[in-house]
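# Working through the structure, step by step
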Amino acid sequence: MKKIVLAIIAITTLCGAVQAQRHIEYRWHGVYVTGDMSYGFNLNRSIDEFDTIPCTLNAFMPGITMGYQIRKEAGVGIGFNYVADPNGAYTQLPVFAELRSHFMRSQLTPYGVMQVGYCLPLGASSDADPVSSKIEEGGLYLGLEVGARYAFNRSTAIAGHIGYRLLQSNLVRRTDLDGHSILAIPVTLHVLTIGATFYFSN
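Residues numbered from 1 in each chain as written. Predicted model: local features only at pLDDT ≥ 70, side-chain atom pairs only at ≥ 80, totals over all residues. Heavy atoms only, no water.

### Details of the overall build of the chain
Along the backbone of the chain there are one helix and nine strands. Starting at the N terminus and ending at the C terminus, the chain contains elements arranged as α-β-β-β-β-β-β-β-β-β. Within the chain, residue pairs in contact and separated by at least 24 positions form 63% of the contacts whose partners lie at least 6 positions apart. Roughly 11000 Å² of accessible area belongs to the chain as shown, and the carbon and sulfur atoms make up 67% of that amount. (Helix = DSSP H or I, 4+ residues; strand = E, 2+ residues; numbered from the N terminus. Contact = heavy atoms within 4.5 Å. Areas by Shrake-Rupley, 256 points an atom, 1.4 Å probe, with all protein chains shown as cover.)

### Section: the nonpolar core
Generally speaking, a soluble globular protein has its nonpolar side chains buried in company with each other. Core analysis: the largest hydrophobic core is formed by 19 residues, its most contacted members being Ile47, Leu57, Tyr90, Leu167, Val187 and Leu189. Breaking this core down by element, the ones donating at least two residues are β7 (132–151), β8 (156–175) and β9 (181–201). Per element, the largest residue contribution to this core is four residues, and it comes from β9. Among all residues touching Tyr90, those that are not within four sequence positions of it are Ile47, Cys55, Leu57, Val83, Asp85, Ile135, Val172, Val187 and Leu189. The next biggest cluster of nonpolar side chains, apart from the first, holds seven residues, and it includes Tyr111, Val113, Ala151 and Tyr199. (Core = buried A, V, L, I, M, F, W, Y, C linked by side-chain atoms within 4.5 Å. Buried < 20%, exposed > 50% of the residue type's maximum accessible area, 1.4 Å probe, protein only.)

### Here's the deal with the side chain of His102
Relative to the helices and strands, His102 resides in strand β5 (residues 92–102). Judged by relative accessible area, His102 falls into the buried class, the value being 3%. At 3.1 Å, the side chain of His102 and the side chain of Arg149 are in polar contact. Polar contacts involving the side chain of His102 include one to the side chain of Tyr199, which spans 3.3 Å. When residues no more than four places from it in sequence are discounted, the contact partners of His102 are Gln69, Lys72, Glu73, Thr109, Pro110, Tyr111, Arg149 and Tyr199. (Polar contact = N/O pair within 3.5 Å; in protein donor to acceptor, adjacent residues only side chain to side chain.)

### Thoughts on the pairing of β9
Here 11 bridges tie strand β1 (residues 30–42) to β9, and the two strands are oriented antiparallel to one another. Looking at the pairing, Gly35 lines up with Phe198 of β9. Where β8 lies against β9, 18 bridges are found, and the strand directions are antiparallel. Residue His161 lies in a different strand from β9, and its bridge partner there is Gly195. (Pairing = 2+ DSSP bridges.)

Below, the structure is given as structure tokens:
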């Protein structure tokens, strides 16, 4: 009888260990780093209220964040995105603080991110002919993102996401071929993004 009881205990312990190995939960407390690769395009195709000045932004937007996960529902961090406008005019560097939340303690979990910061202009001008544009003064940055994260183990994971980014420039100057200023206006871009994020934690 004693051997049977010991055998049952051993089998139960073994089954519990196997089940524990199958349950992979990303570490939800401590320092985290993310590397993001997103692609975005602006939803508003003009930059003035009368829809007379066209604007097209189709850009890769890589970014890095570093923060601290207080609990699975709340992590805070800082980071930046690089908006690589192939035409040059709207190349900029949003820097931000973020709130990152995950909703399940499982290998696959939905999550959401909110970022607020400032868009730093990088001094690039477009090569458009006959009018070029350049950001001279940055403005508000707002990012919202939802997606799903899959944990490979306790310290590495990958996520897919879609998002929205608001990029404000308080002053964008448009010049002619001779460098004469013909217009100086604020510009707000409403950008839809899709991408992947890689997670690393201590």
